[in-house]
Amino acid sequence: MGQIFLVRHGQASFGAANYDQLSELGYEQARLLGQWYANSRQSFDKVINGGMARHRQTADTCLAELPKPLLADTEWITDADFAEFDHHEVLLRHCPEYADAVAFKALLAGHVDPPRALEHLFRAAMQRWMSGWHDSDYAEPWPDFRRRCVRALERLDTEDREQITIVFTSGGVIATLMQHLLGLQDYQVMDLSWTLANGAVTKLLQRPGQFTLGYLNNYAHLEWLGQPGSVTYR
């Protein structure tokens with residue numbers, strides 16, 4: 001049967017002017033995954049990235065660790081349907097203060113636990129986006145995002161029973177695909193997305209017309225090869 005590895009990108013640059021760049025730790029997480037694959041002599045028939053800078057940086061850094069012969073016949077593709085939803089817009093529609101970075105940081109700084117406050121704020125923003133009551137406020141409403149994620153996966157349906165594909169994407173995409181495969185509720189998508197580690201791998205098994213889950217959110221490579229603090233979720 002075919003195999004599809006869904007990789008959540010390494011840690012991005014939260015709080016920086018451009019979030020869509022890997023942090024130093026994000027690059028290290030991608031290297032650790034590549035070393036894990038190199039050690040197991042894993043090869044890929046197809047490499048797909050979701051079109052965002054952090055996806056491509058994760059892919060390049062990870063696969064640079066593999067011996068070149070393992071990738072000699074690999075096809076590289078960019079598929080923007082594997083791109084993440086616009087979290088900036090989702091947060092801004094719920095919290096207009098987000099438009100002013102200084103004011104937003106001051107808002108968070110007023111809380112006893114700023115990271116926790118941000119999580120609660122973002123959860124509320126996600127609930128608003130997914131509710132269906134405000135679809136006209138968003139360039140990409142939740143139903144449209146969900147459809148394009150499923151569409152991207154369905155393009156990987158192939159008659160080649162042995163094809164191995166690796167997809168570098170984001171947590172929201174992976175959680176949404178799990179909803180599609182496992183019949184999860186919308187609120188479970190949100191809960192699941194918070195548990196997906198940077199650089200973690202979710203494996204799907206594919207037969208023509210059918211996808212099944214092999215494993216979810218595997219980050220053993222980070223625990224085994226990495227230093228303390230190598231596992232992150234934001």
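The residue numbers shown here count from 1 along each chain, following its written sequence. Owing to the predicted nature of the model, reporting of local features is limited to residues with pLDDT of at least 70; listing and counting of side-chain atom pairs is limited to 80 or more, with chain, interface and lining totals taken over all residues. Values reported for side chains reflect all heavy atoms of the structure, with hydrogen atoms and water molecules removed beforehand.

1. Focus: the overall build of the protein
Step number 1: For the purposes of this entry, the term helix denotes a DSSP run of H or I that reaches at least four residues, the term strand denotes a run of E that reaches at least two, and both are numbered from the N terminus. Each helix and strand counted, the protein has nine helices and six strands in total.
Step number 2: Scaling as 2.2 N^0.38, a compact globule of 234 residues should have a C-alpha radius of gyration of about 17 Å, and the protein matches this with 18 Å.
Step number 3: The principal-axis extents of the C-alpha atoms in the protein amount to approximately 55 × 40 × 25 Å.
Step number 4: Methods summary: accessible areas were calculated by the Shrake-Rupley approach with a probe of 1.4 Å, and residue burial reflects only the protein chains presented. When the accessible surface of the protein is summed, it comes to about 11,400 Å², and 52% of that surface belongs to carbon and sulfur atoms.
Step number 5: Positive charges are assigned to Lys and Arg, negative charges to Asp and Glu, while His and the chain termini are left out of the count. Positions of charges follow a simple convention, taking NZ of Lys, CZ of Arg, CG of Asp or CD of Glu. For the protein, the separation between the mean place of its 21 positive charges and that of its 29 negative charges on side chains is 2 Å. This radius of gyration counts C-alpha atoms alone. The globule rule is 2.2 Å times how many residues there are, raised to the power 0.38.

2. Brief notes about the sheet that holds strand 2 (residues 46-49)
Step number 1: Strand pairing is defined by DSSP finding a minimum of two bridges between the two strands. One open sheet holds the six strands; their spatial order is 3-2-4-1-5-6, and the pairing between them is mixed. Whereas interior strands pair on both sides, the edge strands pair on one side only; in this sheet they are strand 3 (75-78) and strand 6 (210-218). Here the strands of the sheet are splayed against their neighbours by 20° on average, with no regard to which way each runs.
Step number 2: Sheet analysis places strand 1 (residues 2-8) next to strand 5 (residues 201-207), joined by six bridges and oriented antiparallel. Its bridge partner being in strand 5, Gln3 is matched across the sheet by Leu205.
Step number 3: Across the sheet, helix 2 (residues 53-63) is in contact with strand 2, strand 3 and strand 4 (164-169); its angle to strand 4 comes to roughly 135°. Axis definition: a line fitted to C-alpha atoms, limited for helices to the stretch in contact. Angles are taken between N-to-C directions and run from 0 to 180 degrees. In what follows, a contact means two residues having at least one pair of non-hydrogen atoms within 4.5 Å.

3. Considering a negative patch on the surface
Step number 1: A cluster of acidic residues, Asp45, Asp73, Asp160 and Glu162, forms a negative patch on the protein surface.
Step number 2: Along the chain, Glu162 turns up in the loop between helix 6 (142-154) and strand 4. Excluding any residue in a salt bridge, patches collect residues exceeding 30% relative accessible area, merging like charges within 9 Å and nonpolar Val, Leu, Ile, Met, Phe, Trp and Tyr side chains within 5 Å. Salt bridge, as used here: a side-chain nitrogen of Lys or Arg that lies within 4 Å of a carboxyl oxygen of Asp or Glu.

4. Side note on a nonpolar patch on the surface
Step number 1: On the surface, a nonpolar cluster with roughly 360 Å² of combined accessible area is contributed by Trp36, Trp224 and Leu225.
Step number 2: With respect to the secondary-structure elements, Trp36 resides in helix 1 (residues 24-39).
Step number 3: Assessed through its relative accessible area of 32%, Trp36 is described here as partly exposed. A simple rule labels every residue: compare its accessible area, found with a 1.4 Å probe on the protein chains alone, to the largest value its type can have, and call it buried under 20%, exposed over 50%, or partly exposed in between.

5. Regarding helix 8 (residues 186-193)
One full turn of an α-helix is made of 3.6 residues, so residues set three or four places apart face in the same direction.
Step number 1: Of the positions making up helix 8, those classed as buried are Val189, Met190, Leu192 and Ser193. Taken end-on, helix 8 shows its buried residues confined to a sector of 165°, consistent with a single buried face.
Step number 2: Buried positions along helix 8 lie against helix 5 (114-130), helix 6, helix 7 (171-182) and strand 6. Directions are taken from the helix axis to each C-beta atom, and the arc is the one they span.

6. Quick word on the pattern of salt bridges
Step number 1: One pass over the structure, following the stated rule, counts 14 salt bridges.
Step number 2: Note that Arg151 and Asp81 form a salt bridge whose closest N and O atoms lie 2.9 Å from each other. In this pair, Arg151 is assigned in helix 6 and Asp81 in the loop between strand 3 and helix 3 (87-94), connecting sequence segments 70 residues apart.
Step number 3: Judged by relative accessible area, Asp81 falls into the buried class, the value being 14%.
Step number 4: For the salt bridge of Asp81 with Arg155, the shortest nitrogen-to-oxygen distance reads 2.7 Å. Placement of Asp81 in the loop between strand 3 and helix 3 and of Arg155 in the loop between helix 6 and strand 4 is noted, with a sequence separation of 74 residues between them.
Step number 5: Taken together, the shared-partner salt bridges connect Asp79, Asp81, Arg151 and Arg155 into one network.

7. Structural notes on the nonpolar core
Step number 1: What we call a nonpolar core is a set of buried Ala, Val, Leu, Ile, Met, Phe, Trp, Tyr and Cys residues that are connected through their side-chain atoms within 4.5 Å. Formed by 38 residues in total, the largest nonpolar core has its most connected members in Ile4, Phe82, Met126, Trp129 and Leu177.
Step number 2: Ranked by the residues each element gives to this core, the list is headed by helix 5, at eight residues.
Step number 3: The contact partners of Ile4, leaving out residues within four places of it in the chain, are Leu153, Leu156, Thr165, Val167, Thr202, Lys203, Leu204, Gln206 and Phe211.
Step number 4: Grouped together as the second largest cluster of nonpolar side chains are 17 residues, Val7, Phe44, Ile166 and Val201 included.

8. Description of the side chain of Gln57
Step number 1: With respect to the helices and strands, Gln57 occurs in helix 2.
Step number 2: Overall, Gln57 belongs to the buried group, its relative accessible area being 15%.
Step number 3: Sequence-distant contacts of Gln57, defined by excluding residues within four places in its chain, comprise Gln21, Leu22 and Tyr27.

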